[in-house]
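In case you want the letters, here they are:
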Amino acid sequence: MTRLTVRAERWPLPAPFVIARMRMEAAEVVVVEIERDDHIGRGEADRIEDVLAGRTAVLDAIEEARPAIEAGADRAALQDLLPAGPARSALDCALWDLEAKVTGAPVWRLAGLDAPLRPLTTVFTLGLDTPEAMAKAARAANRPILKLKLGGEGDLERVAAVREAAPEARLSVDANTGWSDAHMAAYPEPLAALGVELIEQPFPPGEDHRLDGIASPIPLAADESCLDRNSLSALEGRYKYINIKIDKAGGLTEALALAKAARAKGFSIMVGCNVATSLSMAPGVVLGQLARFVDLDGPLLLARDRSPSLAYDGATLHPPDPTLWG
């Protein structure tokens, strides 16, 4: 017999976290537990877009899938039950965890990886703020790799201030769809001079054609424009990297398939995250074994994380203990 439990959770941040598209005061997540054969598999996904819009779409979609899940649907069947997105992701990740617990096989082996999970070096993200505030945050973070949330006017000043505050740090920037054509034309060269290594998502999804003809000295990464394998054809020739987020892809199953398909097309892989707890990050550690850029710092932005949690040693993220996930 299989039993599905669903709950919404709210995890406060110590201070508001701002990106070009939104302001967050807490991580809003959904947690699912799937119990079968005296084992429980758990998965977590972000639902902040629902909360900000006053919707319950993620919770409703999980409830729609309940009869099939409780009838014994596996990960393969789940792909046809729900579209890509956080509802399917929470269920898919719980099924991975459940399979690992029922079979006694670690997730890395179930995923077809050649070796046990290794520690990863993750970026640390600075929220969009004034140049002075972002410089102060960079000094306090004292991390080897920083990602700066940007939003348009004043972005060069923001990056210059962070560079002065953290002269040895590697830098990437994320516009979160907030740039204009003028910004995209003007910013890459001076950002390259400041040592920026990657630019994420200048324009909104569906407007990637605005990148045609632009020769950026800094590689571009598709984030909001990259959901699952169906996204790839529109990204070719416009982006060097794709930022795979398990929530967007609809779970680890599609995320791994997306990574394989993307690499076959010549894309490099970045693994990203939303602001969430260690339970949400844990499947990303599996995907991170295939990535050149790793952004799995979500729990570090919370006032507190769940227990058990992932172990972070500065910028080093250690593989999850099976008591957490996998």
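Residues numbered from 1 in each chain as written. Predicted model: local features only at pLDDT ≥ 70, side-chain atom pairs only at ≥ 80, totals over all residues. Heavy atoms only, no water.

Caption draft 1: Main features of the pattern of salt bridges. Summed over the entire model, instances satisfying the criterion amount to 26 salt bridges. Taking the shortest distance from any N to any O, the salt bridge between Asp181 and Arg210 comes out at 2.9 Å. Taken together, the residues Asp181 in helix α8 (residues 181–186) and Arg210 in the loop between β8 (196–200) and β9 (220–222) connect sequence positions 29 residues apart. Residue classification places Arg210 among the partly exposed positions, given a relative accessible area of 23%. Glu254 is paired through a salt bridge with Arg229; the nearest N and O atoms lie 2.7 Å apart. On the criterion of sequence distance, the pair formed by Glu254 in helix α11 (residues 252–264) and Arg229 in the loop between β9 and β10 (241–244) is long-range, its members being 25 residues apart. Overall, Glu254 belongs to the buried group, its relative accessible area being 8%. In this structure Arg229 comes out as partly exposed when scored by relative accessible area, which is 45%. Where salt bridges share partners, they join Arg7, Glu9, Glu33, Glu44 and Arg306 into one cluster. (Salt bridge = Lys/Arg side-chain N within 4 Å of Asp/Glu carboxyl O. Helix = DSSP H or I, 4+ residues; strand = E, 2+ residues; numbered from the N terminus. Buried < 20%, exposed > 50% of the residue type's maximum accessible area, 1.4 Å probe, protein only.)

Caption draft 2: Representation of the side chain of Asp223 in the model. In this fold, Asp223 is placed in the loop between β9 and β10. Given a relative accessible area of 0%, Asp223 falls into the buried group. Sequence-distant contacts of Asp223, that is, excluding residues within four places in its chain, are made with Asp174, Glu200, Gln201, Asn243, Lys245 and Lys248. (Contact = heavy atoms within 4.5 Å.)

Caption draft 3: Molecular detail of the sheet that holds strand β13 (residues 312–313). Ordered by their spatial adjacency, 3 strands build an open sheet running β4-β14-β13, and the pairing between neighbours is antiparallel. Single-partner strands in this sheet number two, and they are β4 (120–121) and β13. Where β4 meets strand β14 (residues 316–317), 2 bridges bridge the pair, whose relative direction is antiparallel. Residue pairing in the sheet places Thr121 in a bridge with Thr316 of β14. (Pairing = 2+ DSSP bridges.)

Caption draft 4: Seen up close, the packing of helix α2 (residues 57–70) against helix α4 (residues 86–103). It is the contact of α2 with α4, at a shortest axis distance of 8 Å, that shows an interaxial angle of 45°. Comparing the axis directions of α2 and α4 gives the class oblique. Crossing handedness for the pair α2 and α4: right-handed. Contacts from Val58, Ala61, Ile62, Ala65 and Ile69 of α2 reach α4 at Pro86, Ala87, Leu91 and Leu95. Of the residues that constitute the contact of α2 with α4, the class distribution is 9 nonpolar, no polar and no charged. (Axes fitted to C-alpha atoms, helices over the stretch in contact; angles between N-to-C directions. Parallel < 35°, antiparallel > 145°, perpendicular 65-115°, else oblique. Left-handed = near helix turned anticlockwise from the far one by under 90°. Nonpolar A, V, L, I, M, F, W, Y, C, P; charged D, E, K, R; others polar.)

Caption draft 5: Broad picture of the pairing of strand β2 (residues 23–36). Most of β2 is tucked away, with 11 of its 14 residues classed as buried. In this structure, strand β1 (residues 2–18) lies alongside β2, joined through 13 bridges in antiparallel fashion. Paired with Ala8 across the strands is Val30, a residue of β2. Count of turn residues in the β1/β2 antiparallel hairpin: 4 residues.

Caption draft 6: How the structure looks around the state of the cysteines. Across all of its chains, the model carries 0 disulfides by this definition. Summary of cysteine pairing: Cys93 is not part of a disulfide, and the nearest cysteine sulfur, belonging to Cys273, is at 13 Å. Given the relative accessible area of 2%, Cys93 is considered buried. (Disulfide = S-S within 2.5 Å.)

Caption draft 7: Up close: the environment of Ala186. If you trace the backbone, Ala186 turns up in helix α8. Once the C-alpha coordinates of Ala186 and Leu156 are considered, the two residues, 30 residues apart in sequence, prove to be 9.7 Å apart.

Caption draft 8: Just the nonpolar core, in detail. Ranked by size, the top nonpolar core spans 82 residues in total, and within it Leu146, Leu148, Ile242 and Trp325 carry the most contacts. Ignoring any residue separated from it by four or fewer positions in sequence, one finds Leu146 in contact with Phe124, Leu126, Ala138, Ala141, Val162, Ala166, Ala169, Arg170, Leu171 and Ser172. Core analysis: the second largest hydrophobic core is formed by 20 residues, Ile34, Ala45, Val58 and Ala73 among them. (Core = buried A, V, L, I, M, F, W, Y, C linked by side-chain atoms within 4.5 Å.)

Caption draft 9: Molecular detail of unusual backbone geometry. In this model, Ser307 is joined to Pro308 through a cis peptide bond whose omega is 0°. Structurally, Pro308 can be placed in the loop between β12 (293–294) and β13. Despite not being glycine, Asp37 shows a phi value in the positive range, around 55°. Topologically, Asp37 is positioned in the loop between β2 and β3 (39–46). Residue Asn142 is not a glycine yet carries a positive backbone phi of 50°. Along the chain, Asn142 falls in the loop between α6 (131–141) and β6 (145–149).

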